Amino acid sequence: MIYKAVEGLIKHSLNCGLIAEDDILVVRNQLMDILKLTEWYQKEPLSGTVEKLLNIITDYACEKNIIENTSVQRDLFDTRIMGVFTPMPREVNAEFQRKYAESPENATNWYYNFSKNLNYVRAERIARDLKWTYSSEYGTLDITINRSKPEKDPRDIANAKNQKSSDYPKCQLCAENMGFAGNLNHPARQNLRPVNINIQGEKWYLQYSPYGYYNEHCILFNSKHVPMIIDKTVFEKLFDFAEQFPHYTIGSNADLPIVGGSILSHEHFQGGKYQFPMEKAHVEKYFKMKKFPQVTAGILRWPMSVIRLASADRKQLSDACTYILDIWKKYSDENSGIFAGTDGIPHNTVTPVARIRGGNFECDLVLRNNLTSEERPLGIFHPNPSLHHIKKENIGLIEVMGLAVLPSRLAEELDILKNSMLSGSDIYGNPKISSHAEWAEKILGNHPEFNSDNADSILKLEVGKVFEQVLCDSGVFKRTDSGKKAFEKFIEML
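First things first, this report covers the structure right here in the doc.

Quick notes on the sheet that holds strand β15 (residues 403-406)
- One open sheet holds the three strands; their spatial order is β1-β2-β15, and the pairing between them is mixed. Among the strands making up the open sheet, the edge pair consists of β1 (130-136) and β15. Recorded for the sheet is a direction-independent mean angle of 20 degrees between the axes of neighbouring strands.
- Bridge count for strand β2 (residues 139-145) against β15 is four bridges, and the pairing is parallel. By the bridge assignment for β15, I143 is matched with A404.

What follows is the structure in structure tokens.
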């Protein structure tokens, strides 16, 4: 079976252009070395997906004690296998540029398929994520429960403690990751080939997320290991990318803890070929900015506090964004609980999202504040504690745009909860789902029709309601009458 699986993987790589006929002997010999095979028996190629073939090959490696059968060891090994088929960076960049000369969309189409064929984008795992939509007051929200990232085996966790620490690569976004073999504390990246992108005269890289949350989930990152910062330069960087790839949305996480992303140490943006719910939202109140007559501005009808700016004049739009950012950074409103800083620590920033629409540059500025209190140590403008059983993590760029990325634990918990609700068993007494007990009681009270036929749809509906409230809680100006007036008070300063 191992010979058939290897031949199947070689055939796959031939069919999708990763290797040529002349490469087969070299590729086969490298795979033999990795698999510790001393003889080769020609067999008919096994058909199947990349994941299926890699699983057979990795199972063989486990059986022969080449690796230990844990999730981390398996991922390190199958990535090493795919590294054999991965072209050198110069080849990938050359092909990307050839495709870009045809059109930007041709370039990203080719590069995304290339990343999937190499199993860098683990498309078959991504397909296991649970996804649905929820019709909210602000439009349709997208919900996903991430099931694609494998859980760490306790053996991996134990072994990782003995792994010698290293600062190479400095983080998972550094360019040094390309071709890196990985270890128990750092994923393998032999099949990673970021492409070069020029942003404001500097070298940046573009790659796709291996576990994308939406279509063509891309990451644009600085070639230098420099921290995230939201200042006047960020808008020109975003518009630079949007102009080069007008079919993609591009945005940045905020640059402060709690309201920022998981990696603040390395400047990067995220985007993709996907229309997020926030993009579909409409402006509910326009206003004029006298200093920027070529810019259209308005307050977005969205649960969070968003200003949408648009203009054909890229420079004036960038200046308008900077102007708002500078005023917001210094803005306080005690009645709204907004303080620009405490004890010299800044709290105000923005989450910017850029795109090109109808020939104009467009930028959504989501106003953020990371103030905490004794009662709300995770953040005042953060999901309130009653929602933490569903979403406790930071509300970053992707959630801000209306796509809920919910923890993998919910896939199992919601299934157990559903069965307990249907059977009438004790939810409070089950430690696996006790955190959902009060929520479940409310659901049963609001849905007396709850039964085996509609249980899944009702739970999805209620999870959607929770996410809508998560976004409302994260807004600095609330969607109440007083909150809207407070927002307009800030707008008057512009």
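As for the nonpolar core
- F85, L309, F477 and F490 are the most contacted members of the largest nonpolar core, which totals 91 residues.
- Take this core: its biggest share by element is eight residues, from helix α3 (residues 50-63).
- Sequence-distant contacts of F490, defined by excluding residues within four places in its chain, comprise I307, I324, I327, W328, Y331, L367 and F477.

Let's talk about unusual backbone geometry
- Each neighbour pair has its own omega, and for Y168 with P169 the value is -15 degrees, a cis peptide bond.
- In this fold, P169 is placed in the loop between α8 (154-160) and β3 (195-199).
- In this model, K36 sits at a positive phi of 60 degrees, which is unusual for a non-glycine residue.

Here we look at the packing of α3 against helix α4 (residues 71-83)
- Relative orientation of the contacting elements α3 and α4 amounts to 115 degrees, with a least axis distance of 10 Å. Of the two elements, α3 crosses α4, and the hand of that crossing is right-handed. Here α3 contributes V50, L54, N55, I57, T58, D59, A61 and C62 to the contact with α4, which in turn contributes R74, F77, D78, I81 and M82.
- Classifying every residue of the contact of α3 with α4 by side-chain character gives eight nonpolar, two polar and three charged.

What counts, and where the lines are drawn
Residues numbered from 1 in each chain as written. Predicted model: local features only at pLDDT ≥ 70, side-chain atom pairs only at ≥ 80, totals over all residues. Heavy atoms only, no water. Pairing = 2+ DSSP bridges. Helix = DSSP H or I, 4+ residues; strand = E, 2+ residues; numbered from the N terminus. Axes fitted to C-alpha atoms, helices over the stretch in contact; angles between N-to-C directions. Core = buried A, V, L, I, M, F, W, Y, C linked by side-chain atoms within 4.5 Å. Buried < 20%, exposed > 50% of the residue type's maximum accessible area, 1.4 Å probe, protein only. Contact = heavy atoms within 4.5 Å. Left-handed = near helix turned anticlockwise from the far one by under 90°. Nonpolar A, V, L, I, M, F, W, Y, C, P; charged D, E, K, R; others polar.

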